[in-house]
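Here is what each chain is made of, one letter per residue.
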Amino acid sequence: MAETLLKVENLKKYFPIKAGVFQRTVGYVKAVDDVSFELKEGETLGFVGESGCGKSTTGRTILRLLDKTDGSVYFEGKDIFKLSRKELRSIRPKMQIIFQDPYSSLNPRMTVGEIIGEALVDHGIVSKGEVKDRVLEAIEMCGLAPYHIRRYPHEFSGGQRQRIGIARALVLNPKFIVCDEPVSALDVSIQSQIVNLLCDLQQKFGFSYMFISHDLSVVKHISHRVGVMYLGSLVELADKHELYKNPLHPYTKALLSAVPIPDPTLKRERIILQGDIPSPANPPSGCKFHTRCPYKKDICSQEIPKFRDVGGGHFVACHLV
Amino acid sequence: MIPVLIGVSIIIFLIFQAAPGDALTGMMDPKMSYETKQKLRKQLHLDEPGIIQYKYWVQNVLKGDFGESFYFKQPVGKVMNTYIWNSFYLSLASFILSVLIAIPIGVISATRQYSFMDYFFTVFALIGISMPSFFFGLLLIKWFAVDIKLFPVSGMMTAGSTAVGFAKFKDVMYHMTLPLIVLTLGSVAGLMRYTRSSMLEVIRQDYVRTARAKGLREKVVIYKHALRNALIPVVTIFGMWLPGLFSGAMITEAIFNWPGIGPIELLAVNNRDYPLLMGINMLLAFLTLLGNLIADVTYALVDPRIRLK
Amino acid sequence: MAELKKNTNKNVELKGAKKEDIMSPWKVVKHRLRRNKLAMVGLYTLLFMIILAIFGPIVQKYVFGITMEKIDLYNISAPPSLKHPLGTDEVGRDILTRLMYGGRISLTVGIVAVSISVVIGSIIGGISGYYGGVVDGIIMRLVDIFMCFPFFPLLLMLAAVLSDYKVDPKYRIYFVMIIIGILSWTGLARIVRGQILSLREQEFMQAAEALGLRDRRKIFRHLLPNTFASIIVSATLGIGSAILSESALSYLGLGVTPPYPSWGQMVQVATDYYVMQYEYWKWIPPGVCIFLTVMAINLFGDGLRDALDPKLKR
Amino acid sequence: MGELLSIKNLKTYFYTEDGVIKAVDDVSLSIREGETLGVVGESGCGKSITAMSILKLIPNPPGKIVDGEIIFDGKDLTKATDEEIRKIRGNKISVIFQEPMTSLNPVFTIGDQIIEAIVLHQNMNKEKAREKAIDMLKLVGIPRADEVVDAYPHELSGGMRQRAMIAMAMACNPKLLIADEPTTALDVTIQAQILDLMRDLKNKTNTSIMLITHDLGVVAEMADHVVVMYAGKVVEEANVYEIFKNPMHPYTLGLLESKPILNQDKDRLNSIPGQVPNPLNMPEGCYFHPRCSKAMDICRREQPELCSVKDGHRVACHLYREVK
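Note that the structure is predicted; figures quoted are calculated from it, not measured.

**So, the overall build of chain A**
Counting secondary structure elements, chain A contains 10 helices and 12 strands. Computed over its C-alpha atoms, the radius of gyration of chain A comes to 21 Å, within 12% of the 20 Å expected for a compact globule of 321 residues. In terms of overall dimensions, chain A has a C-alpha envelope of 65 × 60 × 45 Å along the principal axes. Residue burial in chain A is summarised as follows: out of 321 residues, 59% are buried. Considering only contacts in chain A between residues 6 or more positions apart, those separated by 24 or more positions represent 63%. Accessible surface for chain A amounts to roughly 12600 Å². Of this, 49% is attributable to carbon and sulfur atoms.

And the structure:
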């Protein structure tokens, strides 16, 4: 069994809502509300959920790009929220992130070579002379050509920019990469290129990924385990085959049945959820899903269900299971 | 708003503290004896440290008392009240005229981007912004008042005129024409460019396409759906206009000898009439803040997304 | 890995682009600017004015022996002639020469005043945007206070206070530059702050944070270069309005004072109706000069703004 | 089923500073009455421009319909006057757009925006139109319709806004509904709601739908007939069962294989290499040949024509020339 690389315990991230002339805090958006999970070396953990469910915020808080409200995150055994600025800086190259928007994630005023190489220079990881070699190595691994390093981001298409973003993370030789919706902004035919690239790189270097997406089929393809988030909380987490074959949480079931499948002969029974996702600023009491749940009982609106292991590493938070 | 006003008052006070001489210099009668001077100093609290003087000044200002103008030998409030309305009439006329001209040509420019009309209006607007008002004013006087004598050279009414009612209004309008042109040229330019860029932004929006897809007439699409949205940022600058309505256009008023606040302020500057200057500037700062407030409120009124709760 | 490499090469071929036409962001802007005829007219007019202001007086002095102070007693208030192409003023000084000197002064005032306001504005706006929170709150209130003053009346008062200190005309010019500069930094500070606030939300800044880059690098390599575009545009347009402010101030006798000529001050003679009506050569050329220069700057600045706007593509 | 709309050899070009973009390049397709036509392709393939050309909603300049015919109800829309087109828009043909957030005017209430269309096309007075608007909102499943009619768009969620858009589009009982990526901006569970609603409405009203999307799953669920577009051209066309069972064009095949499918497991995705070509610099011959694994010599020289290979299955590829 591979070793645990990342351990997240009861992580919470609340954004204050300010209002009025004096900017008093009138409430909180509970973007991440008590999330716990572990990630092993070389593993890909997928996170799915609809917009506003807090999957992206979870990813960014784990990297301490945002400050936490509560809880802890252990990376290689160290609580990253207890690190000093200097310690944090030195650990940064080991945990990287790839972004959704291939346009705003690259500085338009820098050449591709500078974008990829600058962290190597700034951290002094390799000597000045070696920087170019490392950049070229990374860029080739990501499917770009050496002459591309002298070009600027605006000369590239979305898929190529995403490759540049991957090369920027890759060049630092990280152990853990948060992939924050890396293929959502891309065309279908380009998506598969990037997904394949991420898989290949994992095989070669043994990265751990936290793969965030709203696309259930992509997440299923790339992940080993998958977690489902709803309104800031994990509602279900299991091995991907288990989760997709045997979903326990009613939300997961609805989500899976809502995904259109490219097969016109297939007739499925659908669960169409009623209503909209409630606002994370004012989540429902008890189980947050009870307002839309077709199976809800009295207890659901009163008590928060525990996120627990129902056997074989299948975690679920539902009173009915 | 209050802290900003306090900050403003401190800065105004400091500027006048920095000026050589004090309030007495302006009032001084050369024949005044040393004792009388000292007495007067004490009376005006000039012998005390700056912070105490500031306290007295603010106390008076809060009571509406800006002190006495050196030059006019009258309370500052009264002097301002006499002239400020003349500025107001001129500026208001110019404001209305600018809105009437600028918004339509802004819209035309935007809906026909890169057409000849667009270039024409754009160049026209740039001329308006680039033309120094004093030079333009002088040119107008030379051409229309001196050379062909179509309009009067200066003033607000014919000297010695006792006309009342409509005749008076006509006389004032006759005198107002040239300064109005100068003032309006500058403000049309700014407002038109603002409307144009706001409109350009709006006509690219999806909801304009939706309106077209509904089968609405192009006129309805532009003047109802698009313009209503494009004017949202524009109305906020109406609020910013408030201080401008009262401050007058100093140079234009001076050139045409329009008896507004502008020439008075120039006079005050040249005669170092500090109480009057402080009064005018305090008032304008207050009006600026009030204008911002009005802008915020109108914004909320015209944009349903920002309703005051 | 071998398979990966193969895939790579395929991509390279597919792109099929020529290797040597790298369009840096600045080249793109230059390219777009060149296509804007109005902007080019502005640029050439401006260059012409600058060249005239720099070299004109030198030519006049060494070729024709005319300086701005030289009095031609035989030609007082003379209309344009071969000797004095734009005539002479009331004491017999050559108008053309004074106009060129005035250009030097007006342009210098514009450029220096804007440099001052750009330095103050971008530093303060940058600090405000980068640190945010309390620092931002305080600075923005300060900007609010400054913005409360009607610009011109305040300028006038400061200029008046300056006069009371009886500053030598030679140094007065510098004070005028400083005053205009200090009074006009607020707009730019707001722009820079707004830019930085929106840049901070961009994912490449998040990436810079995730890469663990030093603050210095984040500020100088990532933030500042991306604010240049808006700083340059507002500085260019700022020069135009600084020249207008200076000329108005000088016209009122509170800016640049004799014996140093400035365009605004030269127009002043027209307050005399006789001069206005009959001696047009004394005041129309300097007025036209102000207008042309400011117009040229605005045309160019406008084109620059369009060229730098990534949204605007025909 | 008769033909409701048929597009013949449509060419819509954009004249930009950098050159001419042939956004729609010789496209022919048709929609029958009561049918849902799915138009699939990646961004920039011209599927939206084709749809917008029908109603002349292409911004001009720079866009222009250069050639072709759009026959609707026996009339050629490309030759129709602005006034005639206006009477068809929102009445016989209506549109719903991708972004429910930006497609509704933020300063008018939902009701105002629906009423406007009804008053314009149906000669109703305002009170009656308002009643009809409320009915329409109820029809699309908006709860508390009599309150929502006075709400501003920003007060509704994304899903509700898209419902309101559909209500607006369906208000005048159109014969054809153009749905331009109607669910792309929505979450999966909301998407399921909206698709369900559209199917429901279609069954009730027998309106034809032109569904533009990049999601093959949505097409499989909604469409009767499918058109696949690439780089401004139709590359394949067939009924929905045929196209998923027997895709012929290498691009369609690649598109189907490059997407992981929820109920299937694959070790590795089969991806189409390279990028979509630059519209200003299209390759010679078949536009797809640089990315095609089966490209032959002729593909680099000659553009394939769309030919019928089987009953109602048409494909534009040199591989199937013999079959013809």
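Moving on from the model shown.
**Focus: the sheet that holds strand E7 (residues 176–180) of chain A**
All names here are of chain A. Here 8 strands make up an open sheet; going across it, the order is E6-E7-E8-E3-E9-E10-E12-E11 and the pairing mixed. On the outer flanks of this sheet lie strand E6 (95–98) and strand E11 (308–309), each paired with one strand and no other. Relative to strand E9 (residues 225–230), strand E3 (residues 44–48) is paired through 4 bridges, and the arrangement is parallel. Counterpart to Val-48 in the pairing with E9 is Val-228. Packed onto the sheet, helix H1 (residues 55–62) meets E3, E6, E7, strand E8 (208–213) and E9 and runs at close to 150° relative to E8.

**Looking at the sheet that holds strand E5 (residues 75–76) of chain D**
Backbone-to-backbone hydrogen bonds pair the strands of a sheet. The strands run either parallel or antiparallel. Residues and elements named next belong to chain D. Overall, antiparallel pairing links the 4 strands, which are arranged E2-E1-E4-E5 in an open sheet. Pairing within the sheet leaves two strands with one partner each, and these edge strands are strand E2 (19–32) and E5. Sheet analysis places strand E4 (residues 63–72) next to E5, joined by 2 bridges and oriented antiparallel. Paired with Ile-71 across the two strands is Asp-76, which belongs to E5. Where helix H1 (residues 47–54) meets the sheet, it contacts strand E1 (3–16), E2 and E4, and its direction lies at approximately 110° from that of E1.

**Topic: a nonpolar patch on the surface**
All names here are of chain C. Judged by side-chain polarity, Tyr-44, Leu-47, Ile-51, Ile-54, Phe-55, Ile-58, Val-59, Tyr-62, Val-63 and Phe-64 come together as a nonpolar surface patch covering roughly 1000 Å² of accessible area. Relative to the elements of secondary structure, Phe-55 occurs in helix H3 (residues 37–64). For Phe-55, a relative accessible area of 46% gives the class partly exposed.

**Some remarks on the interface of chain A and chain D**
On the chain D side, the residues contacting the 46 residues of chain A number 42 residues. Buried surface at the junction of chain A and chain D, both sides included, amounts to about 3700 Å², of which 56% is carbon and sulfur. For chain A, the biggest contributors to the area lost against chain D are Val188(A), Pro262(A) and Pro264(A); these three give 17% of the whole. Of the charged contacts, one joins Arg270(A) and Glu221(D) as a salt bridge, the two residues approaching to 2.4 Å between their closest N and O atoms. Our count for the chain A to chain D interface comes out at 18 residue pairs in polar contact (both at pLDDT 80 or more). Looking at which element gives the most residues to the side of chain A that touches chain D, the answer is helix H6 (residues 188–205) of chain A, with 9 residues. Within the side of chain A that touches chain D, the residues separate by chemical class into 19 nonpolar, 16 polar and 11 charged.

**Considerations on the nonpolar core**
With 147 residues, the main nonpolar core has Val8(B), Phe134(B), Leu276(B), Phe152(C), Leu156(C) and Trp283(C) as its most contacted residues. Broken down by element, the residue count for this core peaks at 12 residues, all from helix H5 (residues 76–111) of chain B. Setting aside chain neighbours within four positions, we find Val8(B) in contact with Met282(B), Ala285(B), Ile145(C), Cys148(C) and Phe149(C).

**Quick notes on the UniProt feature "domain: ABC transmembrane type-1" (unreviewed entry) in chain C**
Mapped onto this numbering, the UniProt entry annotates "domain: ABC transmembrane type-1" (unreviewed entry) at residues 103–301 of chain C. Between the end C-alpha atoms of residues 103–301 of chain C the distance is 19 Å, and the span holds 85% helix and 0% strand.

**Considering the packing of H3(C) against helix H4 (residues 95–131) of chain C**
Residue and element names in this part refer to chain C. Relative to each other, H3 and H4 sit at 135°, their axes nearing to 8 Å. The orientation of H3 with respect to H4, classified from their angle, is oblique. As for the relative orientation of H3 and H4, their crossing is left-handed in sense. Between H3, through Met-49, Ile-50, Leu-52, Ala-53, Ile-54, Gly-56, Pro-57, Ile-58 and Gln-60, and H4, the contact on the second element is made entirely by Leu-96, Thr-97, Met-100, Tyr-101, Gly-103, Arg-104 and Leu-107. In the contact of H3 with H4, the residues fall into 11 nonpolar, 4 polar and 1 charged.

**Considerations on the pairing of strand E10 (residues 233–239) of chain A**
Most of E10(A) sits out of view: 6 of its 7 residues are buried. Between E9(A) and E10(A), which follow one another and run antiparallel, lie 2 residues, and Leu231(A) among them has a positive phi close to 50°.

**Here's the deal with the side chain of Lys233(D)**
All names here are of chain D. On the secondary structure map, Lys-233 appears in strand E10 (residues 233–239). No salt bridge is formed by the buried Lys-233. Its closest oppositely charged neighbour is Asp-25, at 4.0 Å. At 3.3 Å, the side chain of Lys-233 and the backbone oxygen of Asp-25 are in polar contact. In this structure Lys-233 touches Asp-25, Asp-26, Val-27, Cys-45, Val-228, Tyr-287 and Gln-303, once residues within four positions along its chain are discounted.

**Re a negative patch on the surface**
On the surface, Asp26(D), Asp67(D), Glu69(D) and Glu305(D) cluster together into a patch of negative charge. Tracing the sequence through the fold places Glu69(D) in strand E4.

Rules used in this analysis
- Residues numbered from 1 in each chain as written.
- Chains lettered and ligands numbered in written order.
- Predicted model: local features only at pLDDT ≥ 70, side-chain atom pairs only at ≥ 80, totals over all residues.
- Heavy atoms only, no water.
- Helix = DSSP H or I, 4+ residues; strand = E, 2+ residues; numbered from the N terminus.
- Rg over C-alpha atoms; globule rule 2.2 N^0.38 Å.
- Buried < 20%, exposed > 50% of the residue type's maximum accessible area, 1.4 Å probe, protein only.
- Contact = heavy atoms within 4.5 Å.
- Areas by Shrake-Rupley, 256 points an atom, 1.4 Å probe, with all protein chains shown as cover.
- Pairing = 2+ DSSP bridges.
- Axes fitted to C-alpha atoms, helices over the stretch in contact; angles between N-to-C directions.
- Patch = residues over 30% accessible without salt bridge, like charges linked within 9 Å, V, L, I, M, F, W, Y side chains within 5 Å.
- Salt bridge = Lys/Arg side-chain N within 4 Å of Asp/Glu carboxyl O.
- Buried area = accessible area lost by both parts, 1.4 Å probe.
- Polar contact = N/O pair within 3.5 Å; in protein donor to acceptor, adjacent residues only side chain to side chain.
- Nonpolar A, V, L, I, M, F, W, Y, C, P; charged D, E, K, R; others polar.
- Core = buried A, V, L, I, M, F, W, Y, C linked by side-chain atoms within 4.5 Å.
- UniProt positions renumbered as here; feature names shortened; annotations may be inferred.
- Parallel < 35°, antiparallel > 145°, perpendicular 65-115°, else oblique.
- Left-handed = near helix turned anticlockwise from the far one by under 90°.
- Lys, Arg positive; Asp, Glu negative; His and termini not counted.
- Charge placed at Lys NZ, Arg CZ, Asp CG, Glu CD.

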